[in-house]
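# Coordinates in review
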Amino acid sequence: MKILTVGGGSGGHIIPVVAVVEKLRQLTPEAEIRFWCDRKSLKMAREAFAEQSIAIKSISAGKFRRYHHFTWWQHLRPSIVIPNLIDLFKIVGGFIQSWWRLLVWRPDVVFAKGGFVCLPVGIVAHWMGIKLIIHDSDTVAGLTNRILSKYAVKITTGMPVEYYRYPTNKTVFVGSPVRQGSGSVADLRQQLQISPKKLVILVSGGGLGSDFLNRMTLANLEQLPDNCQVILSAGRDNYQAVISQNFDKNKLIVRDFVTNFADYVRLADVVVARAGATTIAELAVLAKPVILVPNPKLVEGHQLKNAQMLADKQAAVVLDEFALEQAPEQFGKAINELLGDQRQREILSHNIQQFANPQSALILAELIIAEIKGGEGKRG
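Read on for a plain summary of the structure. (Residues numbered from 1 in each chain as written. Predicted model: local features only at pLDDT ≥ 70, side-chain atom pairs only at ≥ 80, totals over all residues. Heavy atoms only, no water.)

## Comments concerning the pattern of salt bridges
- A full pass over the atoms with the stated rule returns 12 salt bridges.
- Ionic pairing is found between lysine 251 and aspartate 226, a salt bridge with its closest N-O pair at 3.8 Å. With a gap of 25 residues between them, lysine 251 in the loop between helix H8 (236-243) and strand S10 (252-255) and aspartate 226 in the loop between helix H7 (211-220) and strand S9 (228-233) connect regions that are remote in the sequence.
- Overall, aspartate 226 belongs to the exposed group, its relative accessible area being 68%. (Salt bridge = Lys/Arg side-chain N within 4 Å of Asp/Glu carboxyl O. Helix = DSSP H or I, 4+ residues; strand = E, 2+ residues; numbered from the N terminus. Buried < 20%, exposed > 50% of the residue type's maximum accessible area, 1.4 Å probe, protein only.)

Dropping the structure here:
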């Protein structure tokens, strides 16, 4: 049995695959599983899959830059048009690489988690008659998945199917696969040298980090109470810029990227994060009170819609990035208010659980195996 998994562009398209691969290993230990990603995500992927015996390779990939807050004519700026033209050649290179590699090593199925790197692999797999399964996490279907949905034998979604316009006959709601963490919270607290008496605030911009959340954290650090410990997952590209700043190193712990994100979430009393679907899924499974600051610039505003979905269910506090730019002190105020309101934290923790499906990774693994065997996956 040969299984190719593909994803990249962000940690949200890599970490879920790790969870699925773990389940595939349990169900089919004899299977040969490989993972392909874009070149920029290669280092992140190797760290994420460090505990897995899996071959990882990169594929040339380009993306089509579109920004939710830009009008169509603003997209004609040279800073956008030129990179898009350059990436057209990368996309062509990705098709050539995909064709050659799939010819040399032909898997029984391709599981595409998401990200622009999945486009050439998924289309070439279809051309070669290889079964394709895709997964879409966000409330808004991405361009790559909208294209690949025409060729997929199975479309799996992280949100209920009514949020999508996929063909209902092959679309299945499975939730978003996440790793729930296996380490000891007490051991992690001791490793980080955090006093048991301190409340923990985790700020995370996702796998790539967020310059905006980094700046907000540093700007509001002195506002936060002395009995709290802040942990900032800054992202590799922003890590050096953060640690070069002058801040209270006893109050703020900075990490570039954490592969055991779930363990850090379990340690936290309050989490501040972007509104990526994978992040939301992890927070939901672990039932953590969260303040979401959705990125308003991403294409089609999918993080805005993800965050609004939780806000409507009183499952998260949502802050507006543009408003915070004008009044950065509101970032610290929101954290202080939530830290001081245990009842509100309990309400948020309870309500966010309705978006959790701890069995997502297992369900996906079963679906993949079922397609290989030519049947339909059934849960026992």
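## Quick word on the side chain of threonine 5
- Along the polypeptide, threonine 5 turns up in strand S1 (residues 2-6).
- Classification of threonine 5 as buried rests on a relative accessible area of 0%.
- In contact with threonine 5, other than residues within four places in its own chain, are Val17, Val21, Ile33, Arg34, Phe35, Trp36 and Phe111. (Contact = heavy atoms within 4.5 Å.)

## Focus on empty space enclosed by the protein
- Within this structure, the stated rule accounts for 1 cavity of 30 Å³ or more.
- In this model, the largest cavity occupies a volume close to 90 Å³.
- As for the largest cavity, its lining consists of 13 residues, of which Gly158, Met159, Ser176, Ala281 and Phe355 are closest to the centre.
- Top contributing element to the lining of the largest cavity by residue count: helix H10 (residues 277-286), with 4 residues. (1 Å grid on protein atoms, 1.4 Å probe; cavity = no way out; pocket = protein on both sides within 12 Å on 5 of 7 lines; lining within 4 Å. Points joined across faces, edges and corners; volume = space filled by probe spheres on them.)

## Topic: the packing of aromatic side chains
- According to the stated counting rule, one finds 4 aromatic pairs in the structure shown.
- The interplanar angle of 40 degrees and the centroid separation of 4.9 Å between the aromatic rings of phenylalanine 35 and phenylalanine 49 together place this pair among those described as tilted. Of this pair, phenylalanine 35 sits in strand S2 (residues 32-38) while phenylalanine 49 sits in the loop between helix H2 (42-48) and strand S3 (55-59); the two residues are 14 residues apart in sequence, bridging distant segments of the chain. Both residues of the pair, phenylalanine 35 and phenylalanine 49, count as buried.
- A ring pair is formed by phenylalanine 95 and tryptophan 127, whose centres lie 5.8 Å apart and whose planes are at 35 degrees; its orientation type is tilted. Of this pair, phenylalanine 95 sits in helix H3 (residues 78-104) while tryptophan 127 sits in helix H4 (residues 118-127), placing them 32 residues apart in sequence.
- Over the ring of tryptophan 36 we find arginine 101, and its NZ or CZ is 5.7 Å from the ring centre.
- Geometry around phenylalanine 247 places lysine 249 over its ring, the cationic atom sitting 4.5 Å from the centre. (Phe/Tyr/Trp six-rings, centres within 6.5 Å; stacked < 30°, edge-to-face > 60°. Lys NZ or Arg CZ within 6 Å of the ring centre and 35° of its normal.)

## Here's the deal with unusual backbone geometry
- The residue glutamine 193 is not glycine, and still its phi comes out positive at about 60 degrees.
- Its location among the elements puts glutamine 193 in the loop between helix H6 (185-191) and strand S8 (199-204).
- Since its relative accessible area comes to 72%, glutamine 193 is described here as exposed.
- Even without a glycine there, the phi angle at glutamine 314 is positive, about 55 degrees.
- You can see glutamine 314 is positioned in the loop between helix H11 (302-312) and strand S13 (317-318).

## Things to note about the layout of surface pockets
- A volume near 160 Å³ is recorded for the second largest pocket.
- As for the second largest pocket, its lining consists of Gly158, Met159, Pro160, Glu162, Tyr163, Phe173, Gly175, Met309, Gln354, Phe355, Ala356 and Asn357.
- When the residues that make up the lining of the second largest pocket are grouped by side-chain class, the tally is 7 nonpolar, 4 polar and 1 charged. (Nonpolar A, V, L, I, M, F, W, Y, C, P; charged D, E, K, R; others polar.)

## What about H4?
- The buried fraction of H4 amounts to 8 of the 10 residues, a majority that puts the element mostly inside the structure.
- Residues of H4 that are buried include every one of Cys118, Leu119, Pro120, Val121, Gly122, Ile123, Val124 and Ala125, and no others.
- The positive-phi residue at the C-terminal boundary of H4 is glycine 129, with phi of around 75 degrees.

## Remarks on the packing of H7 against helix H13 (residues 329-339)
- Interaxial distance between H7 and H13 falls to 8 Å at its minimum, and their mutual angle equals 75 degrees. With respect to their mutual orientation, H7 and H13 come out roughly perpendicular. Two secondary-structure elements touch here, H7 through Leu213, Met216, Thr217 and Asn220 and H13 through Glu329, Phe331 and Gly332.
- Looking at the contact of H7 with H13 residue by residue, the classes come out as 3 nonpolar, 3 polar and 1 charged. (Axes fitted to C-alpha atoms, helices over the stretch in contact; angles between N-to-C directions. Parallel < 35°, antiparallel > 145°, perpendicular 65-115°, else oblique.)

## Remarks on the sheet that holds S9
- Here 6 strands make up an open sheet; going across it, the order is S10-S9-S8-S11-S12-S13 and the pairing parallel. Lying at the two open borders of the sheet, with one neighbouring strand each, are S10 and S13.
- Sheet topology note: the S8/S9 ladder contains 6 bridges and is parallel. Within S9, the position partnered with serine 204 by the bridge is serine 233. (Pairing = 2+ DSSP bridges.)

## So, the pairing of strand S6 (residues 154-157)
- The side-chain alternation of S6 yields two buried faces, one formed by Lys154 and Thr156 and the other by Ile155 and Thr157.
- Both strand S5 (residues 131-136) and S6 contribute to a ladder of 4 bridges, which runs parallel. Each bridged residue has a counterpart across the sheet, and for isoleucine 134 the counterpart in S6 is isoleucine 155.
- Of the crossover connections in this fold, the one passing from S5 over helix H5 (residues 143-148) to the parallel S6 is right-handed.
- Summarising the sheet, S6 and strand S7 (residues 171-173) pair through 3 bridges and their orientation is parallel. The residue bridging threonine 157 from the neighbouring strand is phenylalanine 173, located in S7. (Right-handed = clockwise from strand over helix to strand, strands pointing away.)

Purely spatial values, then, with no claim about function.
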